[in-house]
Amino acid sequence: MNELDQKINTHFPGLVVRKDLVKTVKGNAIVPSYVLEYLLGQYCATSDEPTIQTGIETVKEILRKHYVHRNEAGLIRSNIKEKGRYKIIDKISVALNDKADVYEAEFSNLGIKKVLVDSGTVKAHPKLLVSGVWCIADIEYEFTEDKNASPWILSTLKPIQLSHFDFDGYVEARKQFTTDEWTDLLLQSIGFNPEMFGKRSKLTQLIRLIPFCERNYNLIELGPKGTGKSHIYSEFSPHGILISGGEVTVPKLFVNNSSGKIGLVGYWDCVAFDEFAGKQKRVDKALVDIMKNYMANKSFSRGVETLGAEASMVFVGNTQHTVPYMLKHSDLFCELPDKFYDSAFLDRIHFYIPGWEVDIIRGEMFSSGYGFVVDYLAEILRSLRNHDYSDRYKELFSLSSDISTRDRDGINKTFSGLMKILFPHDGATREEVEELLRFAIEGRKRVKDQLMRIDSTYGNVRFSYLGAGGQTTPVTTLEEEEYPGTYHKTIAEGEDGESLEVAQQGPTSGPSKPSAPVERILKENHLTFQENQKGLSFDTLLGPYLKGATSIVVTDPYIRLFYQTRNFMEFLETVVKHKTLDEEVSVHLVTMEDEFKGEQQKDNFKKMKESASSVGVNFTWEFDGTGTIHARHIVTDHGWKISLDRGLDIFQYYEMNDAFTFANRLQQYRPCKAFEVTFIKHKP
């Protein structure tokens, strides 16, 4: 175990589990992660390896004996008949038989119906009445001559959920962790390896948890396939439900007027709609109208009666086009079904997760560290729904008066949710509060900016906040900085029905790739880049400042590992691209020797030297013997010093061994880490 895992086990004994164990025990059992972790939490919530191994075998044995596979349902039914009583793990749903005035259970995998359930069980677990609950149950068999009676008897039933937890103990234990440690613990609890994520990407993952801890929170995430958009809503919590966007009806979601039965929003904390995007989907306009009212007012009508509910709404779907294409030709909501492509509906959304910033899930992204048993975290998040943290920034910051009430509500709910997740003990610094506030504003701004493209009646809003001293800080979305040329345009209809691009007033500067090769006027400058920003390359960022140099010195202590030396090789490629064929350029690297793989490091440098000499670059290197160099900069002999706070390590992880991935071939398709660069004139 690393230091963080030891700390997690110290402060949350018995409440955490090693996350790689879920895959170990799952086998071919088609059950949600929270079911497996419930069992692992009973037997493997420890750091003692022999106990873990024994617990794994116990859980496997429980699943082998008691989990009902559909293709083995007949064998299980036979076991129940022969033994008279048998324990099973299955998804159970209950319905009221009003003709017989009894509650009847249906077992999803076991394939038996009309099993009598007493009223007390239904009252204790009302979610049995809506879509079913995973349970551990004892079933008995007693043959009867009565054709109307079922021979199956439900002896005991226990939903697979945590029975109790200590919220105050949770808050006290949180105080023992730094913000970075706590964030990593939460990422590991979701199942991800935090080392594979930057700070902004971690916050994006945590946004997905807000619907579980914030009442009536409306969230949308649109992006490429395979980024895990729906996973957390189907696997993470017993208080959330994931349904197909095409299966939604008014009775199922809100209320059946003929029977008076309340729909999903009355029973679940979070209702997520999968596969929500797609222009061809058929949608009931009445459903959209009721959803608009519910998302705005937290209520819906049943005949003459108005009912309220607290379920958060999440919409996830896949995009078919790139972000610059959508910004040029339509907007970031263009994939939605026509009836949901409605400005009044979209205005109810509190935050838009930019799914194109989320990495496609790869094997190495999963965690093998310790995280909360997800059922425990789900109960904590549910209890936080009773708290309101939306005012926690108001002593330090205030929102611009331009921002409307609906925009403020969206910002406040997102900020409140992030504070609950990260700072339930209210221990955030000013900088941390500001970071969460900016992120909350950006997510709502993304919604509003697209609304202004769709509906011209929405006025231009300046999203900014004021500090205690009265200084105003504007907030931009990452797409706005990446694609300023197309971001501030509206799509209007021309007289001939064709779409016309109409430019809006907006930012005119930002790191974007020029559409034509224009000679750049070099000047001293300082640039800041956000995490996940794309469109950058050494060619566009550094190339113009290297052009014309005959001697370049690079100081970077971290050119050691393979990906770091590859970055340096790509820097040499940039040098080659910006020199003429009849020139020669000397490039000297000052770095640190790798403590463990120094020979491999030197071998890589020798190969680069041989390759570079054939294209007119004389590459040399030296290892700093003091072990104290920290500065990372590039100095040329024609008057420029380029200070890079991260050195050449500006790109996030990408698949280097996949020759068919564009991120491997072209730097501009790689997401960046957050970094700053300063261009300074100096005397050679």
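No experiment lies behind these values; they were computed from the predicted model shown.

What counts as what
Residues numbered from 1 in each chain as written. Predicted model: local features only at pLDDT ≥ 70, side-chain atom pairs only at ≥ 80, totals over all residues. Heavy atoms only, no water. Helix = DSSP H or I, 4+ residues; strand = E, 2+ residues; numbered from the N terminus. Rg over C-alpha atoms; globule rule 2.2 N^0.38 Å. Buried < 20%, exposed > 50% of the residue type's maximum accessible area, 1.4 Å probe, protein only. Contact = heavy atoms within 4.5 Å. Areas by Shrake-Rupley, 256 points an atom, 1.4 Å probe, with all protein chains shown as cover. Lys, Arg positive; Asp, Glu negative; His and termini not counted. Charge placed at Lys NZ, Arg CZ, Asp CG, Glu CD. Polar contact = N/O pair within 3.5 Å; in protein donor to acceptor, adjacent residues only side chain to side chain. Patch = residues over 30% accessible without salt bridge, like charges linked within 9 Å, V, L, I, M, F, W, Y side chains within 5 Å. Salt bridge = Lys/Arg side-chain N within 4 Å of Asp/Glu carboxyl O. Pairing = 2+ DSSP bridges. Axes fitted to C-alpha atoms, helices over the stretch in contact; angles between N-to-C directions. Expected span 1.5 Å × (residues − 1). Phe/Tyr/Trp six-rings, centres within 6.5 Å; stacked < 30°, edge-to-face > 60°. Core = buried A, V, L, I, M, F, W, Y, C linked by side-chain atoms within 4.5 Å.

## Points about the overall build of the protein
The helix and strand inventory of the protein stands at 25 helices and 28 strands. Rg of the C-alpha trace for the protein: 29 Å, near the compact-globule value of 26 Å for 684 residues, within the 12% margin. Expressed along its principal axes, the backbone C-alpha trace of the protein runs to roughly 100 × 70 × 50 Å. Out of the 684 residues in the protein, the part that is buried amounts to 51%. Taking all contacts inside the protein whose residues are at least 6 apart in sequence as the whole, residues at least 24 apart take part in 73%. Carbon and sulfur atoms make up 49% of the accessible area of the protein, which totals about 31700 Å². Taking the 83 positively charged and 96 negatively charged side chains of the protein as two groups, their mean positions are separated by 2 Å.

## Brief notes about the side chain of Asp184
Note on placement: Asp184 falls in helix H8 (residues 179-190). What makes Asp184 buried here is its relative accessible area of 17%. Of note is the side chain of Asp184, whose polar atom sits 2.7 Å from the side chain of Lys202. With residues up to four places along the chain from it excluded, the contact list for Asp184 reads Leu4, Pro194 and Lys202.

## Points about a nonpolar patch on the surface
On the surface, Phe662, Leu666 and Tyr669 cluster together to form a nonpolar patch covering roughly 330 Å² of accessible area. Relative to the helices and strands, Phe662 resides in helix H25 (residues 662-665). On the basis of relative accessibility, which here comes to 58%, the residue Phe662 falls in the exposed class.

## What about the sheet that holds strand S18 (residues 464-466)?
Strand pairing in a sheet relies on backbone hydrogen bonds. The paired strands run either parallel or antiparallel. Ordered by their spatial adjacency, three strands build an open sheet running S17-S18-S19, and the pairing between neighbours is antiparallel. Whereas interior strands pair on both sides, the edge strands pair on one side only; in this sheet they are strand S17 (398-399) and strand S19 (472-474). Where S17 meets S18, two bridges bridge the pair, whose relative direction is antiparallel. Across the sheet, Ser398 pairs through a bridge with Leu466, a residue of S18. In the packing of helix H18 (residues 430-454) onto the sheet, the strands contacted are S17, S18 and S19, and the crossing angle to S18 comes to about 150 degrees.

## Some details on helix H13 (residues 285-297)
For an α-helix, 3.6 residues make a turn, and residues three or four places apart therefore share a direction. Its 13 residues place the ends of H13 18 Å apart at the C-alpha level, agreeing with the 18 Å of an ideal helix rising 1.5 Å per residue. Buried within H13 are the following residues: Leu287, Val288, Met291, Lys292, Tyr294 and Met295. The inward-facing, buried residues of H13 contact strand S7 (218-223), helix H12 (250-253), strand S11 (270-274), strand S12 (299-302), strand S14 (312-318) and helix H15 (343-346). A distance of 3.0 Å separates the backbone nitrogen of Ala286 from a side-chain oxygen at the start of H13, and that oxygen is part of Asp284.

## Brief notes about the packing of aromatic side chains
Applying the stated rule across the entire model yields 43 aromatic pairs. Relative to Phe345, the ring of Phe340 lies with its centre 4.9 Å away and its plane at 55 degrees, an arrangement referred to as tilted. Residue Phe340 is classed as buried on the basis of its relative accessible area, which comes to 5%. Look at Tyr393 and Phe415: their rings are 5.1 Å apart centre to centre, the planes differ by 85 degrees, and that puts the pair in the edge-to-face class. In this pair, Tyr393 is assigned in the loop between helix H16 (374-383) and S17 and Phe415 in helix H17 (residues 405-422), connecting sequence segments 22 residues apart.

## Focus: the environment of Pro484
Tracing the chain through its elements places Pro484 in helix H20 (residues 484-487). Here Pro484 falls in the buried class, since its relative accessible area comes to 12%. Separated by 157 residues in the primary sequence, Pro484 and Leu327 have C-alpha atoms spaced 9.9 Å apart.

## A look at the nonpolar core
Formed by 90 residues in total, the largest nonpolar core has its most connected members in Phe12, Tyr170 and Phe372. Among the nonpolar cores identified, the runner-up in size contains 47 residues, and Leu222, Phe254, Phe333 and Tyr487 belong to it.

## Observations concerning the side chain of Glu442
Within the secondary structure, Glu442 sits in helix H18. In contact with Glu442, not counting residues within four places along its chain, are Arg200, Val475, Thr476, Thr477, Leu478 and Gln530.

## Structural notes on the sheet that holds strand S22 (residues 525-529)
On the basis of which strands lie adjacent, the open sheet formed by seven strands has the order S22-S28-S27-S26-S23-S24-S25 and mixed pairing. At either margin of the open sheet sits one strand with a lone partner, and together these are S22 and strand S25 (617-623). The mean inter-strand angle of the sheet, taken between neighbouring strand axes irrespective of direction, is 15 degrees. Across the sheet, helix H23 (residues 562-577) lies against strand S23 (551-555), strand S24 (585-591), S25 and strand S26 (633-636), angled at about 160 degrees from S24, the strand it touches most. Running over the sheet, helix H24 (residues 598-613) touches S24 and S25 and is turned about 160 degrees from S25.

## Some details on the pairing of S14
For S14, the tally of buried residues reaches six of seven residues, placing the bulk of the element in the interior. Where S7 meets S14, six bridges bridge the pair, whose relative direction is parallel. Residue pairing across strands places Glu221 opposite Val316, the latter belonging to S14. When S11 meets S14, the two strands line up parallel, connected through four bridges. Across the sheet, the residue bridging to Ala272 is Val314, located in S14.

By themselves, these observations are geometric and do not establish any function.
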